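Here are the chains, one letter per residue:
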Amino acid sequence: MATSVFSDSDVPPLHPAQPPLTGAAGRPKRPSLRWLAVFAFIYLYAFPYFERLWSANEVPRVFLTQEIADHHHLWIDARISGEALRHKLDLSRTPDGHFYPDKAPGLSFLAVPVYFVARLFGHPSMRVCTWLLRVLVVTVPALVFLPFFLGMARRFAPDATACKTALVAYALGSPAMVYSLLFISHQVAAACVGGSFLAAVALARRECHRPFLIDRKSVV
């Protein structure tokens, strides 16, 4: 059997390593926060809220958050009036007569601490409460996920332009942006699933041995 004249060191890598970008002082450039600032401005600038619309998805979740914090139970009977019934909110009624949101309560559980803090400054109106829950429970986690999305894209596409294009398409050209502006669970669930996938990849590639402590190098 003929012996190969090439050693492992002679085989070129699939994607040759690129020299790091350096600044004027020869130091590597840090990732800029300008992209994240632009996304944050776009996500936080608008507040699409129409009080008379009675969003069938958002309002029951807000009601549930308030009931958990104020009265420590999961039914929202006290919040349901003739106006709420007329707008056909997404509700379920049990045989014992209690009204519940017909969505999973996880997002409302996450929002309870935010509502507790808001209550320290008085009883917030429905408008203020909706804005606080949207921004702090949904929009901020969605923004935090974007750098992780970019780092995940870099694992599978060596071209920097392609990765940034994917980031812009995801953040601004997909339902991710719409879901990030409303108090609904879609984008929070997407961030959790994306983070879990990123953790699984890091573990599979032996870049991290502790699933709940992924260091910065394994992410970026």
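Nothing here was measured: the structure is a model prediction, and the numbers come from that model. (Residues numbered from 1 in each chain as written. Predicted model: local features only at pLDDT ≥ 70, side-chain atom pairs only at ≥ 80, totals over all residues. Heavy atoms only, no water.)

### Describing the packing of aromatic side chains
In the structure shown here, the tally under the stated rule is 8 aromatic pairs. The interplanar angle of 45° and the centroid separation of 6.1 Å between the aromatic rings of W35 and F39 together place this pair among those described as tilted. Of this pair, W35 and F39 both sit in helix α1 (residues 34-45), separated by 4 residues, roughly a single helical turn. F39 gets classed as buried once you look at its relative accessible area, which sits at 3%. When the centroid spacing of 6.2 Å and the interplanar angle of 70° are considered together, the rings of F145 and Y170 count as edge-to-face. Linking F145 in helix α5 (residues 126-156) with Y170 in helix α6 (residues 160-172), this pair joins segments that are 25 residues apart in sequence. On the accessibility criterion, Y170 (18% relative accessible area) is buried. (Phe/Tyr/Trp six-rings, centres within 6.5 Å; stacked < 30°, edge-to-face > 60°. Helix = DSSP H or I, 4+ residues; strand = E, 2+ residues; numbered from the N terminus. Buried < 20%, exposed > 50% of the residue type's maximum accessible area, 1.4 Å probe, protein only.)

### Concerning helix α8 (residues 186-204)
Between the first and last C-alpha of α8 there are 27 Å, a value that for 19 residues agrees with the 27 Å anticipated at 1.5 Å per step. Among all positions of α8, only Q187, V188, A191, G194, L198, A199, V201 and A202 are buried. Angularly, the buried residues of α8 cover 160° about the axis, an arc narrow enough to put them on a single face. The exposed set on the far side of α8, more than 90 degrees from its buried face, consists of V193 and A204. Where α8 terminates, the next one or two residues include R206, which has phi positive at roughly 60°. (Expected span 1.5 Å × (residues − 1). Arc of directions from axis to C-beta.)

### Observations concerning the pattern of salt bridges
Counted by the stated rule, this structure contains 6 salt bridges. In this structure, E58 and R134 form a salt bridge, with 2.6 Å as the shortest nitrogen-oxygen distance. Here E58, found in helix α2 (residues 58-71), pairs with R134, found in helix α5; they are 76 residues apart in sequence, far enough to count as distant. When its relative accessible area of 5% is taken as the criterion, E58 is described as buried. D102 is the partner of K103 in a salt bridge, and the nearest nitrogen-oxygen pair spans 4.0 Å. Exposure remark for D102: the relative accessible area of 37% places this residue in the partly exposed category. Through salt bridges that share partners, E67, D70, R79 and R119 make up one connected network. (Salt bridge = Lys/Arg side-chain N within 4 Å of Asp/Glu carboxyl O.)

### A short note on the confidence of the model for the chain
Predicted confidence across the chain gives a mean pLDDT of 80, with 76% of residues reaching 70 or more. Per-residue pLDDT, averaged within each element of the chain, yields its smallest value for helix α9 (residues 216-219) (47) and its largest for helix α4 (residues 106-119) (95). (pLDDT = per-residue confidence, 0-100.)

### Here we look at the environment of W131
Here W131 is to be found in helix α5. Taking the C-alpha atoms as reference points, W131 and F47, separated by 84 residues in sequence, lie 7.4 Å from one another.

### Here's the deal with the side chain of T139
With respect to the helices and strands, the residue T139 is situated in helix α5. The exposure class assigned to T139 is buried, which follows from its relative accessible area of 2%. Residues in contact with T139, not counting those within four places in the same chain, are Y43, L44, R134, S180 and L181. (Contact = heavy atoms within 4.5 Å.)

### What to know about the packing of α4 against α5
It is at 10 Å that the axes of α4 and α5 come closest, and there the two elements cross at 120°. Of the possible angle classes, the one that applies to α4 and α5 is oblique. Handedness of the α4/α5 crossing: right-handed. Side by side, α4 and α5 meet where L107, L110, A111, V114, Y115 and A118 of the first sit next to C129, L132, L133, L136, V137 and V138 of the second. Tallied by class, residues from the contact of α4 with α5 come to 12 nonpolar, no polar and no charged. (Axes fitted to C-alpha atoms, helices over the stretch in contact; angles between N-to-C directions. Parallel < 35°, antiparallel > 145°, perpendicular 65-115°, else oblique. Left-handed = near helix turned anticlockwise from the far one by under 90°. Nonpolar A, V, L, I, M, F, W, Y, C, P; charged D, E, K, R; others polar.)

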